[in-house]
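Okay, here's what each chain looks like letter by letter:
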Amino acid sequence: MKELSLDKIWQQVSANFAESAIKVITALILFYIGIKVINVLLVGTKKFFEKKKIEKTLSSFFVVCFSAILKVALVISLLGYVGIDTTSFAALLASAGLAIGFALKGSLSSLAGGVMIVAFKPFKVGEFIQAQGESGTVKEILLMNTMLTTADNKTIFLPNGPLATGKVVNFSRQDTRRVDLVFGIGYDDDLKKAKDLLLQIANEEERVLKDQPIVVAVNELADSSVNFVFRVFVNKADYWAVYWDTVEKVKLTFDAEGVSIPFPQRDVHVYNK
């Protein structure tokens, strides 16, 4: 009886081992096939994004996420097929993901911001922007941060989280920009003459767009001067050149025509008691 019991136990163990071995081998084969299928799907996804001309940074991010999800799903499915309880494994994975999420809260915020920037395009590479107290030309948009080059050739990295949700001023999105200047003359100067000189300067400037409104108007009666606003539209590439040239030309013209540009003055009265 004892020998029969041992024979039965050995047969059961052999049968279970053979069944388990077959499942493990089958699982390995399925894993190999599954990886091949996933790679084919990823290649197809990349081609789809390229065909739709989706931003490379965004498409790469989605491909990486899609790959990770498919591979995790494949491993969990095969573990269940082999006979391993995947409930605790899934719970452990979820807990680990939650812990990592809390630990990388700021980084995940920047990651999400990078996806939003690439998807909604508030700015693109090559555009000049002002954001987070900084301004410069966008050189590169990464998933975690955006790289700017300032006018004095400094490189600034801005985290994408606050950049995606904060205020961004894009100076390059429109084809034209308005040059806004303020010029003051003395109260004793000829108001009409000064206005005509400013209009003449605006109309003689070839880079000023004549199909857009040219505004020269008295804007303020200040403490020491009568202030004119000077507003003209130019192509965005000509903005700073027109700005600087106009300031210089107004000074030279006013000097030549006898129109004063006052500066703040203070009268001091001394009383002897």
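Scroll up for the structure.
Residues numbered from 1 in each chain as written. Predicted model: local features only at pLDDT ≥ 70, side-chain atom pairs only at ≥ 80, totals over all residues. Heavy atoms only, no water.

Colleague: Give a detailed account of the sheet that holds strand 1 (residues 128-131), specifying residues and quantitative values.
Modeller: Taken in spatial order, the five strands make up an open sheet running 4-3-2-1-5, and their pairing is antiparallel. Looking at strand neighbours, the two that pair on one side only are strand 4 (155-159) and strand 5 (168-170), the edges of this open sheet. Pairwise comparison of adjacent strand axes, ignoring direction, gives a mean angle of 40 degrees for this sheet. As paired strands, strand 1 and strand 2 (residues 134-141) are joined by four bridges and run antiparallel to one another. Note that in strand 2 the partner of isoleucine 129 across the bridge is glycine 136. (Pairing = 2+ DSSP bridges. Helix = DSSP H or I, 4+ residues; strand = E, 2+ residues; numbered from the N terminus. Axes fitted to C-alpha atoms, helices over the stretch in contact; angles between N-to-C directions.)

Colleague: So what's going on with the pairing of strand 2? Which residues, and what values?
Modeller: In sequence, strand 1 turns back onto strand 2 through a hairpin of two residues, with glutamine 132 there showing a positive phi of about 55 degrees. Here four bridges tie strand 2 to strand 3 (residues 145-149), and the two strands are oriented antiparallel to one another. Following the sheet pairing, glutamate 140 is matched in strand 3 by methionine 147. Where strand 2 folds back onto strand 3 in an antiparallel hairpin, the turn is made up of three residues.

Colleague: Outline helix 7 (residues 239-257), listing residues and values.
Modeller: Over its 19 residues, helix 7 extends 27 Å from the first C-alpha to the last, a length consistent with the 27 Å expected when each residue adds 1.5 Å. Buried within helix 7 are the following residues: Tyr239, Val242, Thr246, Val250, Thr253 and Phe254. Down the axis of helix 7, the buried set is contained in an arc of 95 degrees. They therefore lie on one face. Turned more than 90 degrees away from the buried face of helix 7 sit Trp244, Glu248, Leu252 and Ala256, all of them exposed. Against the buried residues of helix 7 lie strand 6 (176-185), helix 6 (191-204) and strand 8 (226-235). (Expected span 1.5 Å × (residues − 1). Buried < 20%, exposed > 50% of the residue type's maximum accessible area, 1.4 Å probe, protein only. Arc of directions from axis to C-beta. Contact = heavy atoms within 4.5 Å.)

Colleague: Could you give me a rundown of the sheet that holds strand 7 (residues 215-221), with the residues and numbers involved?
Modeller: Spatially, the three strands line up as an open sheet ordered 6-8-7, and their pairing is antiparallel. Each of the sheet's edge strands pairs with one partner strand only, and the pair in question is strand 6 and strand 7. Averaged over all neighbouring strand pairs, the angle between strand axes comes to 25 degrees, with direction disregarded. Bridge count for strand 7 against strand 8 is six bridges, and the pairing is antiparallel. If you follow valine 215 over to strand 8, its bridge partner there is arginine 231. Lying on the sheet, helix 6 is in contact with strand 6, strand 7 and strand 8; it crosses strand 8 at an angle near 10 degrees. In the packing of helix 7 onto the sheet, contacts are made with strand 6 and strand 8, and the angle to strand 6 comes to roughly 20 degrees.

Colleague: Please set out the packing of aromatic side chains residue by residue, giving values where relevant.
Modeller: Per the stated rule, a full pass over the model turns up six aromatic pairs. A centroid spacing of 5.9 Å and a plane angle of 80 degrees characterise the contact between phenylalanine 183 and phenylalanine 230, whose relative ring orientation is edge-to-face. Linking phenylalanine 183 in strand 6 with phenylalanine 230 in strand 8, this pair joins segments that are 47 residues apart in sequence. Considered together, phenylalanine 183 and phenylalanine 230 belong to a single accessibility category, that of buried residues. Taken together through their ring pairs, the aromatic side chains of Tyr239, Trp240, Tyr243 and Trp244 make up a single cluster. When the ring centre of tyrosine 239 is taken as reference, the NZ or CZ atom of arginine 177 above it lies at 3.8 Å. (Phe/Tyr/Trp six-rings, centres within 6.5 Å; stacked < 30°, edge-to-face > 60°. Lys NZ or Arg CZ within 6 Å of the ring centre and 35° of its normal.)

Colleague: So, the nonpolar core: which residues are in play, and what are the values?
Modeller: The nonpolar side chains of soluble globular proteins are, as a tendency, buried together. Grouped together as the largest cluster of nonpolar side chains are 21 residues, with contacts concentrated most on Val179, Ile185, Leu198, Phe230 and Phe254. Residues in contact with valine 179, not counting those within four places in the same chain, are Phe230, Arg231, Val232, Val234, Tyr239, Val242 and Tyr243. (Core = buried A, V, L, I, M, F, W, Y, C linked by side-chain atoms within 4.5 Å.)

Colleague: Explain the environment of threonine 137 to me, using residue names and the numbers behind them.
Modeller: Inspection of the secondary structure assignment puts threonine 137 in strand 2. The exposure class of threonine 137 is partly exposed, given its relative accessible area of 26%. The sequence separation of threonine 137 and alanine 151 amounts to 14 residues, and the corresponding C-alpha distance is 8.0 Å. Discounting chain neighbours no more than four positions away, the residues touching threonine 137 are Gly126, Glu127, Phe128, Met147, Leu148 and Thr149.

Colleague: Explain unusual backbone geometry residue by residue, including any values.
Modeller: Unlike most non-glycine residues, lysine 121 shows phi in positive territory, near 55 degrees. Classification of lysine 121 as partly exposed rests on a relative accessible area of 33%. With a phi angle near 65 degrees, asparagine 153 is a residue other than glycine that sits in the positive phi range. For asparagine 153, the location among the structural elements is in the loop between strand 3 and strand 4.

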